[in-house]
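Analysis of the macromolecular model
Given next are the chains, with one letter for each unit.
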Amino acid sequence: MKTGHRLSLKTRMLRYSAGSVVAVVASEITLTLLVGVARMAAGPAAVLAFLAGAIPNWILNRQWAWEHSGRVSLRRELMPYIVIVIATLLATVGASAAAAAATRHASHWVSVVAVDAAYIAATGLMFVIKFVLFDRFVFTRPAPALTGSARSER
């Protein structure tokens, strides 16, 4: 499959990594505030934390890491992105809820640290998988249509 990327793989990975750091920081701050300060349950807090990072991540991935602009293709970009993001959301929520359950008898702040660590671990696990899927299936550029003169030159 030809992806037609303008940027090198290394540049895309570096920009994707930077965007992921922004997303993780936004998510972690949100998660820590919701679980630690507001004492919200880990599952719903992880969903809100995930959304706090997913929105800037979409923008940074699409416009900066893969240099896509203009109209969003619902079928080629948005729907596959949403499926990948939902899988990541389920992994982070599951890990966070499992950590909360495992530390339910520990002190509050031990539980908060465990929930945060589980969230980061799940995010890290999905990091490389998401890059490959985004690079090969979501943020691809369709091959330009061959014109009559281009076909005859082949």
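Just above sits the structure.
Residues numbered from 1 in each chain as written. Predicted model: local features only at pLDDT ≥ 70, side-chain atom pairs only at ≥ 80, totals over all residues. Heavy atoms only, no water.

Overview of the nonpolar core
Proteins that are soluble and globular tend to have nonpolar side chains buried together. The condition is simple: Among buried residues, those of type Ala, Val, Leu, Ile, Met, Phe, Trp, Tyr and Cys that are joined through side-chain atoms within 4.5 Å constitute a nonpolar core. Exposure classes here rest on a 1.4 Å probe applied to the protein chains alone. A residue is buried below 20% of its type maximum, exposed above 50%, and partly exposed in between. Working definition: helices are DSSP H or I runs of at least four residues, strands are E runs of at least two. Numbering for both runs from the N terminus. The contact criterion used is simple: two residues touch if any of their non-hydrogen atoms lie within 4.5 Å.
Core analysis: the largest hydrophobic core is formed by 27 residues, its most contacted members being Leu31, Trp66, Tyr81, Phe134 and Phe139. Secondary structure elements with two or more residues in this core: α1 (9–37), α2 (42–65), α3 (74–102) and α4 (108–138). Element by element, the count of residues in this core is highest for α2, at eight residues. For Leu31, the contacting residues outside a window of four places in its chain are Gly36, Ala45, Ala46, Ala49, Val115, Asp116 and Tyr119.

Concerning the environment of Ser8
Spelled out, the test is: Throughout this description, a polar contact denotes any pair of N or O atoms lying within 3.5 Å of each other; where both atoms belong to protein, one of them has to be capable of donating a hydrogen while the other can accept it, and for residues adjacent in sequence the pair is counted only when both atoms sit in side chains.
Topologically, Ser8 is positioned in the segment before α1. Once the C-alpha coordinates of Ser8 and Trp66 are considered, the two residues, 58 residues apart in sequence, prove to be 9.8 Å apart. Among the polar contacts listed, one links the side chain of Ser8 to the side chain of Thr11, at a separation of 2.9 Å.

Details of the packing of α1 against α4
To keep it simple, the criterion reads: Between the N-to-C directions of two axes lies an angle of 0 to 180 degrees, each axis being a line fitted to C-alpha atoms and, for a helix, fitted only over the stretch in contact. Each angle gets one of four labels, with under 35 degrees taken as roughly parallel, over 145 as roughly antiparallel, 65 to 115 as roughly perpendicular, and the rest as oblique. Handedness of a helix crossing follows the sense of rotation of the near helix relative to the far helix, less than a right angle counterclockwise being left-handed and clockwise being right-handed. Charged residues are taken to be Asp, Glu, Lys and Arg, nonpolar residues to be Ala, Val, Leu, Ile, Met, Phe, Trp, Tyr, Cys and Pro, and polar residues to be all remaining types, Gly included.
At a minimum axis separation of 10 Å, α1 and α4 run at an interaxial angle of 155°. As summarised for this structure, α1 and α4 are arranged roughly antiparallel, according to the angle between their axes. Here α1 runs over α4; the crossing is right-handed. When grouped by side-chain class, the residues that make up the contact of α1 with α4 number 14 nonpolar, seven polar and six charged.

Re the pattern of salt bridges
Rules: One side-chain nitrogen of Lys or Arg within 4 Å of one carboxyl oxygen of Asp or Glu is enough to make a salt bridge.
Inspection of the entire model under this criterion finds four salt bridges. In this structure, the salt-bridge partner of Arg12 is Asp135, at a minimum N-O distance of 2.6 Å. Here Asp135 lies in helix α4 and Arg12 lies in helix α1, a separation of 123 residues in the sequence. When sorted by exposure, Arg12 lands in the same class as Asp135, which is buried. Note that Glu67 is salt-bridged to Arg15, the shortest N-O span being 3.6 Å. Taken together, the positions of Glu67 in the loop between α2 and α3 and Arg15 in helix α1 put the pair 52 residues apart, joining distant regions of the chain.

Topic: a nonpolar patch on the surface
Heads up, the condition is: Residues enter patches when their relative accessible area tops 30% and they take part in no salt bridge; the joining distance is 9 Å for like charges and 5 Å for the nonpolar side chains Val, Leu, Ile, Met, Phe, Trp and Tyr. Each accessible area is a Shrake-Rupley estimate made with a 1.4 Å probe; only the visible protein chains count as cover when residues are assessed.
Side chains of Val21, Val25, Ile29, Leu33, Val37 and Trp109 sit close together on the surface and give an oily, nonpolar patch of about 600 Å² of accessible area. Per element, the largest residue contribution to the nonpolar patch is five residues, and it comes from α1.

Notes on the side chain of Ser96
As for its placement among the helices and strands, Ser96 is situated in helix α3. Looking at Ser96, the relative accessible area reads 0%, which means it is buried. Residue contacts for Ser96: discarding those within four places in its chain leaves Ala42, Ala46, Val115, Ala118 and Tyr119.

Structural notes on the environment of Asn57
The topology assignment puts Asn57 in helix α2. The buried category is assigned to Asn57, whose relative accessible area is 6%. Linking Asn57 and Ala26, residues 31 residues apart in sequence, is a C-alpha distance of 9.8 Å.

Limitation: the analysis is restricted to geometry and does not speak to function.
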